[in-house]
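Architecture at a glance
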Amino acid sequence: MRSRSNSGVRLDYYQRIVHRLILAHQEPVTGLFPASNVNSHAWIRDNVYCILAVWGLSMAYKKIADQDEDRAKCYELEQSCVKLMRGLLMAMMNQKDKVEKFKMTQSPYDSLHAKYSSKNGLPVVDDNEWGHLQIDAVSLYLLILAQMTASGLQIVFSLDEVSFIQNLVFYIESAYSIPDYGIWERGDKTNHGEPELNASSIGMAKAALEAMNELDLFGARGGPASVIHVLADEAHKCQAVLQSMLPRESNSKELDSGLLCVIGFPAFAVDDAQLIHNTKDAILSRLQGKYGCKRFLRDGYRTPKEDPSRLYYERWELRMFENIECEWPLFYCYLILFHAFQSDKRAVEEYASRLEKIMVRSEDGILLVPESYAVPQDLVGFEYQKPGSQVREVVGRCPFLWGQSLFILGRLLQEGFLAVGELDPLNRRLGAQKKPDVVVQVVIIAEDNEIRDKLAEHDLHVQTIAEVAPIEVQPARVLSHLYTYLGRNRKLGLSGRKSRDVGILSTSKLYSLKDRIFAFTPQFADLSRFYIASDNELMIDILKGEINFLKSAWDLLGRPLVTLVLKRIHLDQDKIPLAMIQTMRKLKSGYINGTRVMLGSLKDFLNTSAITDLSFLGSTEDGYPDRLHPDVQTYLDEHLLRSFSNRSTMNLRGGQLRPRTLRRRMSCKGAIKKTRSINVDSDNLGMEGPSPLTERRLSSIVPPPWLQANKQSHVSVFATTPEEGPTSSPLSLGNDLIRENIYPVDPHHSRSAIDRRSEFVRQQEMPKILIQRHRAETNFADTEVEELIAMLRETENLEEQGDILQYLVDTQGLDFNTGMLEEGRVVTVRDLLKGLYEKACQQKLWGLVRHTAGMLGKRVEDLAKAVTDLLVRQKQVTVGMPPNNEHTITAPLPEVELRQLIHDAYGDDESTAMLTQELMVYLAMFIRTEPQLFHEMLRLRVGLIIQVMAKELSRTLNCDGEAASEHLLNLSPFEMKNLLYHILSGKEFAVSSVARGNLSIVSCKSSRVSKKSQIGLGDPEGEDALIATIDDRQGQWLRRRRLDGALNRVPRDFYSRVWTVLEKCQGLAIEGRVLQQSLTQEMTPGELKFALEVETALNQIPQPEYRQLVVEALMVLTLVTEHNMVPSLGGVIYVEHLVHKANQLFLEDQRKVQGDATLCCAKIKDGKEQQQAASGMLLCGGAAYICQHLYDSAPSGSYGTMTYMSRAVALVLDCVPKHGEMECAIS
């Protein structure tokens, strides 16, 4: 026998080690590894990691196989890998019913088990006896299966197994929204069995989805039937959520060393090099020790302070584990691999030498990786005093095979037996490198020749649907239906894909099916069922957003292709809307919002687009893989005829012409308005005492005091006249005169404005009919329903029809038979409402559209998806108006429950409930495209956001609260989204009017209001009349505080700094809620759970600007603690006392310098004023008894709020010395 080369001898040495430490434990029947000699359970995760060393060694042998025995060894090692991977596959296939059930329920009890018996592959514990739902374990299995298959191993043998693995892909594809127990099987770190969203699971799932996409499980020998398909959008959702979470692991674990496997080998799930760097640095700086890394902060596992008799921890005892957590050498193995893949030799050597110091030598001299190192019981006290100073001892298994396997891989890489590319045949490690710019291809297709000709007039040449043949254009819903056939298998009882969602990445490809080619229009263009879709400007805005998204998210071969069909329903009065023409011209120019685009025809782009084969639609199970599945065949035949045929629209009875005058016997005017609940004049919001409703009722029955003085001029308003002139716009100013029973009286309304307003109404000579509720009830009681229906037939004004129908719904119900007949069918109130809704959509009367949509119980298409998008990025959502009706949504809910919750929160107010749904969709759009808008916000309080939007409109338009909420509800969806954007980003805006009373929101770049953005409401001629210009200086800080308070924005690191304050006092009291010091025992400073506790307390404060001052007061307290001015802050601190004290100091200063506040709060009080102050109102209208001028002061400067807060802290806190010198660090 000829002598072996040095490398051969060295490999034989590793082969002996692998055999002795790893393969000797492999069960001969199932191929699985038991946890230890005494525990026969086999964990999926540990088993997959154990076999990696065997796989690596087999590839090393393959390279030097110059003798038969080397080839034999290589084959032997490969077959051990196959045996193990198939053993796990069989164990999971035994639970195929669970996979099927989990697709529907996503319940932890329906999940695949995390561990099986290594003897026979059967379950070893019950569904509810273990935290089985560990998406990272199944994902790791799929990822390594893909990598091994790509390296040439044959693991999957039959098409049934292919179907099962396709269903495992569906099992993990929603990982971004499924809370699980994670890599340490614990869920929440108190170990009470509560699952949570874990970044390590999401990252592993993202890696598995990308690795599996278009992978042939039969390797080079397979055909179309053995290919796995993944919808690219699902992997991208996982990526987006992962990026928003890192370096956080979950709500209770602010950091976790388990993330090393996500940012490096094996997952390589992060594309952003900076984020990888930040996450690694955070782990090294906070979790690394001499003996490895801690798993996470306050991890009690195997520490001397842990009570081994119970699984869970008490909340107060988590603090005891701080600084004595076990350290795991395993993470040094990860770090060696991480740096080897980055080819950073110096770091590899450093960690290798650290690791060798802490490894244990066996009797025969082999180096073993122990599971973990703990502080010995008798040295705990010293370790507390000086963390990292004591010698630790080995606890747990030795060798720990998971770590041992990674250690051996590291050695094979260091000694050059393996190249990094061999451990990563799918090249996942290159994900973080810079990619070239994406060019988005756009194709516009006309529905018919008429539309094509209309576009040609604008020099835009497109084809019709008929002309693009043989390529067939279909809506996205067809694609989502076809995907439900993916992974179906009768023998295994698997039903295919359940999610109906196909995103823009999936519709931006072409699909081939036998000899046909399909292009699909994007899902957002499919929203024919909901009113947002009838706003063309919004659809264009969404399109721009999607094109921008493709630029950053597209990573497939070929270029993305967006296909749009221009249809009849997009036309506005038979013309192509201007906004559409402008956008098409922009597309033609080659750039839109900074993205490269190409406008062309489908056949031009055939060669440059990504094409996917829909081969899974063949009826393989019946033995005819070349024929289409019969169900698919019939579906396609029906659909091709139907999908783009013209739908007949309702015949409008002279919708544009309104008769000049109409006789009528009575009126239901204002029935819709009575349901509104947006409270704008919240100077006294939240101060309405125990029953705000009773007080509000009064304001409608007794005319407010400021109306009584000049009553004569208002007589016409109360009178009911038989005639009514046509209204110039649905928002005439007459409505503002009488506040209905929704708004509290606002005593600071200046009288002159009222006089001017009444004057204005008289000039218009439009007597308005307003019936207040108590009068209305007597009126309607004797009016027969027939009479109302007769009026309904007579009137052409949609607003009036709405009022009549609202009244009918209130009194008779939606399913009331109106006695009319249409084509022999009974017409109910609901049918009439539907007709009204469609007309309102066409005429773009958005207030009416929102109201009728709410009455009909419509729900926004992607409501549940939108809420999930917000929640998985760690933003909770509340709906309802604070302070009494807020409901918090903390976990994804089904559509029906969501809608019910929203409508319960707003009572009768359908319009605002509808608006809430709409805003949630916009918030989700923004968080996907511009996540930076949401920094330092934890909860999005939609009710407050709506109030602030109305408030901002009332400030900009200079109108009262009710008019502002009317304007708000009448904004088009596009303008609504625009206004929300301006409020989120804090940009200044102005309102300019467009014809028909619709407003449009314009950004103000300069400090002066530009010519374009004049503020005004279109009078009938539609001219822009400048009513008022904004004085920028005044009200600026008040507005900032109001916006930040409503959006729950806080300064950076605010919550972790409050933690340090809480550590030094017994508690913080905010609006009656006390944050106890014990919270610091239970939670770490950066933990999301702690931040939510603080936020919940702050959210008790109804007035946003007041909330913001409380936040500022807390910031001053943090400065006191951070500069160690005092050892302890004493007992419970009442934060509001500080704010009120600061207000007092402010007013004293104002009196001294004769400042603005001397006009209101700093005035010398006389009798009348005192009486008013006692009734809870300040002259200047400041919220919560704090002067308006303090709210409007800048934080810094000698008269700034921070100065007063600091003085207040010095005066109120007992711990600050009252006499003597002190270093002032705050100044």
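See above for the structure.
Every chain begins its residue count from 1, and numbering advances along the sequence as written. Note on the predicted model: pLDDT of at least 70 is required for a residue's local features to be given, and 80 or more for side-chain atom pairs to be given and counted; whole-chain, interface and lining totals, by contrast, use all residues. Excluded from the side-chain calculations are hydrogens and water; all other atoms, namely the structure's heavy atoms, are used.

1. Quick notes on the overall build of the chain
Each helix is a run of H or I in the DSSP string that is no shorter than four residues. Each strand is a run of E no shorter than two, and both are numbered from the N terminus. Helices and strands together make up the secondary structure of the chain, namely 46 helices and 31 strands. Whether a residue is buried, partly exposed or exposed follows from its accessible area with a 1.4 Å probe, protein chains only, as a fraction of its type maximum: under 20%, in between, or over 50%, in that order. Split into buried and exposed, the 1227 residues of the chain put 59% on the buried side. In this analysis, two residues are considered to be in contact whenever any of their non-hydrogen atoms come within 4.5 Å of each other. The long-range share in the chain, meaning contacts at least 24 apart out of those at least 6 apart in sequence, stands at 73%. Split by element, the accessible area of the chain, about 50,900 Å² in all, is 51% carbon and sulfur. Reported accessibility uses the Shrake-Rupley method at a 1.4 Å probe radius. Residues are deemed covered only where the shown protein chains occlude them.

2. Description of the sheet that holds strand 19 (residues 611-613)
Two strands qualify as a pair provided DSSP detects at least 2 bridges between them. In spatial order, the strands read 11-15-14-19; together these four strands make up an open sheet with mixed pairing. Two strands bound the open sheet, and with one partner strand each, they are strand 11 (471-474) and strand 19. On average, each strand axis in the sheet is inclined to that of its neighbour by 30°, with strand direction left out of account. Pairing of strand 11 with strand 15 (residues 516-520) involves four bridges; the strand directions are parallel. By the bridge assignment, isoleucine 471 is partnered in strand 15 with isoleucine 517. Sheet strands touched by helix 17 (residues 476-483): strand 11, strand 14 (510-513) and strand 15. Its angle to strand 15, the strand with the most contacts, is close to 120°. Here an axis means a line fitted to C-alpha atoms, over the contact stretch when the element is a helix, while the angle between two N-to-C directions is reported on a 0 to 180 degree scale.

3. Some words on helix 7 (residues 199-212)
An expected span of 1.5 Å times one less than the residue number is assigned to each helix. Its 14 residues place the ends of helix 7 20 Å apart at the C-alpha level, agreeing with the 20 Å of an ideal helix rising 1.5 Å per residue. A large share of helix 7 lies buried, amounting to 13 of its 14 residues. Within two residues after helix 7, glutamate 214 carries a phi angle of roughly 60°, on the positive side.

4. A closer look at the packing of aromatic side chains
Centres within 6.5 Å are what make two rings of Phe, Tyr or Trp a pair, Trp counting through its six-membered ring; a difference in plane orientation under 30 degrees is then read as stacked, over 60 as edge-to-face, and the rest as tilted. Within this structure, the stated rule accounts for 25 aromatic pairs. Seen in terms of ring centroids, tyrosine 291 and tyrosine 373 are 4.6 Å apart; in terms of plane orientation they differ by 35°. Their pairing is tilted. One end of the pair, tyrosine 291, is in the loop between strand 3 (288-289) and strand 4 (292-293); the other, tyrosine 373, is in strand 7 (residues 372-374), with 82 residues separating them in the sequence. The class for tyrosine 291 is buried, based on a relative accessible area of 13%. Note on phenylalanine 926 and tyrosine 981: the rings are 5.5 Å apart at their centroids and 55° apart in plane angle, and the pair reads as tilted.

5. Brief notes about the sheet that holds strand 26 (residues 939-941)
Read across the open sheet, the three strands follow the order 25-24-26; overall the sheet is mixed. Unpaired on one side and paired on the other, strand 25 (887-889) and strand 26 mark the two borders of the sheet. Here the average twist between neighbouring strands, direction ignored, is 25°. Alignment of strand 24 (residues 876-879) against strand 25, held across three bridges, turns out to be antiparallel. The partner of threonine 878 across the bridge, within strand 25, is threonine 888.

6. Some words on helix 11 (residues 330-341)
Since the α-helix advances by 3.6 residues per turn, residues separated by three or four positions end up pointing in the same direction. Over its 12 residues, helix 11 runs 17 Å from end to end, which matches the ideal 16 Å to within 8%, given 1.5 Å per residue. Within helix 11, 12 of the 12 residues are buried, which leaves it mostly tucked inside the rest of the structure. Taken together, the buried positions of helix 11 are occupied by Leu330, Phe331, Tyr332, Cys333, Tyr334, Leu335, Ile336, Leu337, Phe338, His339, Ala340 and Phe341.

7. As for the pairing of strand 18 (residues 595-600)
Across five bridges, strand 9 (residues 439-446) lies against strand 18 in parallel orientation. For valine 443, the partnering residue across the bridge sits in strand 18 and is glycine 600. Sheet analysis places strand 17 (residues 591-592) next to strand 18, joined by two bridges and oriented antiparallel. Bridging across to strand 18, isoleucine 592 finds its partner in threonine 595. Linking strand 17 to strand 18, which pair antiparallel, is a turn of two residues; within it asparagine 593 sits at a positive phi near 50°.

8. Section: the pairing of strand 15
Counting buried residues in strand 15 gives four out of five residues, a clear majority hidden from the surface. Two strands pair when backbone bridges link them, and strand 14 and strand 15 are joined in this way by four bridges, in the antiparallel orientation. When the sheet's bridge partners are listed, leucine 510 is paired in strand 15 with alanine 519. Counting the residues in the hairpin turn of strand 14 and strand 15 gives two residues, including lysine 514, whose phi is positive at 50°.

9. With respect to unusual backbone geometry
Cis geometry is adopted by the peptide bond preceding proline 247, which originates at leucine 246 and carries an omega value of 0°. You can see proline 247 is positioned in the loop between helix 8 (232-245) and helix 9 (260-263). Note the cis peptide between alanine 469 and proline 470, where omega equals 10°. With respect to the helices and strands, the residue proline 470 is situated in the loop between strand 10 (463-464) and strand 11. The backbone of phenylalanine 268 shows a phi angle near 45°, a positive value even though the residue is not glycine. Looking at the element boundaries, phenylalanine 268 is found in the loop between helix 9 and helix 10 (273-287).

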